[in-house]
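A structural walkthrough
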Amino acid sequence: MRTELTWLGHACWQLRTAERTILIDPFLDESPTAPVRAADIEADVILVTHGHFDHIADAAPIAKRTGATVIANFEIAQWLTNVHGVTATVGMNLGGSYDLGGAKVTMVPAWHSSQLPDGSYGGNPGGFILQLSGKRLYFAGDTALFSDMQLFARGGLDLAVLPIGDLFTMGIEDSIRAIRWLAPKQVAPSHYGTWPPIAVDAGQWAEAVRRETSAEPIVVEPGGKFLV
Ligand code: NI
Ligand code: MN
């Protein structure tokens, strides 16, 4: 059974397996590139990498409408409950794993920041390694390049989803180093093209990936899908 991934623009991804639909970093209604509205999206589980608005903006409304469980760091999970009345949350922290029942979510470090939209402390930013349907997928979240990414390659990665937009995260050049360290079978770019400051050429990125790494680059437009 393969997992269908849909890029919903910016850093928002939807993963569909036979068992569940997972939404990562929901940012739709205020995103200039999102192909869907928050009111139209389905989810059983919502993962939030950190507290910035462009990753959490639509988490509460989607969770409350769908009943999806939100998995985030402890501070963000508490904030969603206390400030937004989201009852189904799982608060975790770096290095920990959570069993979804036939799938596993591990929160791993990211080098970034995590203040929540109202100025509340948002804990530490993270990324997620997902083990589902026999595959191992890494969603880096917003991050700089860091050498501990080499550790995430242990056990093999079927897919890495990496930010390439620069300015707030690593850009194309550092993403190539990350891909060499992570050695995923497939790699998809994220967190680019949403606004002019993070506009980069994904075609140029894909060429560099093919030339300098052994991973297969997967570039889709917002709304585009592929299988892992
Ligand atoms: Ni951020
Ligand atoms: Mn961001």
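Below, the structure is looked at part by part. (Residues numbered from 1 in each chain as written. Chains lettered and ligands numbered in written order. Predicted model: local features only at pLDDT ≥ 70, side-chain atom pairs only at ≥ 80, totals over all residues. Heavy atoms only, no water.)

1. Re the coordination of the nickel ion (ligand 1)
Note on the nickel ion (ligand 1): its protein donors are His50 (NE2), His52 (ND1), His112 (NE2) and Asp142 (OD). The metal-donor distances range over 2.2 to 2.3 Å. Its four donor atoms give the nickel ion (ligand 1) angles of 90 to 176° at the centre, a pattern that matches the irregular case. In this structure, the nickel ion (ligand 1) lies 3.1 Å away from the manganese ion (ligand 2), the two metals sharing Asp142 as a donor. Of this pair, His52 sits in the loop between strand 4 (45-47) and helix 1 (53-56) while Asp142 sits in the loop between strand 10 (135-139) and helix 4 (149-152); the two residues are 90 residues apart in sequence, bridging distant segments of the chain. In terms of burial, His52 and Asp142 fall into one category: buried. (Donors = N, O, S within 2.8 Å, 3.2 Å for Na, K, Ca; no water. Tetrahedral: all angles 85-135°; square planar, octahedral: opposite > 155°, others 65-115°. Helix = DSSP H or I, 4+ residues; strand = E, 2+ residues; numbered from the N terminus. Buried < 20%, exposed > 50% of the residue type's maximum accessible area, 1.4 Å probe, protein only.)

2. Things to note about the coordination of the manganese ion (ligand 2)
Ideal values for angles at a metal depend on the geometry: 109.5 degrees with four tetrahedral donors, 90 or 180 degrees with six octahedral donors. Within the protein, Asp54 (OD), His55 (NE2), Asp142 (OD) and His191 (NE2) serve as the donor atoms for the manganese ion (ligand 2), at 2.1 to 2.2 Å. Within one chain, the residues donating to the manganese ion (ligand 2) are spaced in sequence as D-H-x86-D-x48-H.

3. Here's the deal with the side chain of His50
You can see His50 is positioned in the loop between strand 4 and helix 1. Only 2.8 Å separates the side chain of His50 from the side chain of Thr49, close enough to count as a polar contact. A polar contact of 3.2 Å, which involves the side chain of His50, links it to the side chain of His52. Apart from residues lying up to four places away in sequence, His50 is in contact with His55, Ile56, Ile76, His112, Ser113, Ser114, Pro125 and Asp142. (Polar contact = N/O pair within 3.5 Å; in protein donor to acceptor, adjacent residues only side chain to side chain. Contact = heavy atoms within 4.5 Å.)

4. Quick word on the pairing of strand 8 (residues 103-109)
Summarising burial for strand 8: five of the seven residues are buried, a large majority. For strand 7 (residues 97-99) and strand 8, the ladder comprises three bridges, and the chain directions are antiparallel. Residue pairing across strands places Ser97 opposite Thr106, the latter belonging to strand 8. The antiparallel hairpin formed by strand 7 and strand 8 contains three residues in its connecting segment, where Gly101 sits at a positive phi of about 90°. (Pairing = 2+ DSSP bridges.)

5. Some thoughts on helix 2 (residues 59-66)
Considered for burial, the residues of helix 2 that qualify are Ala59, Ala60, Ile62 and Ala63. End-on view of helix 2: buried residues confined to an arc of 170°, all on one side of the axis. Buried residues in helix 2 make contact with strand 3 (21-24), strand 4, helix 1, strand 5 (69-73) and helix 3 (74-84). Among the residues trailing helix 2, Gly67 stands out with phi positive, at a value near 80°. (Arc of directions from axis to C-beta.)

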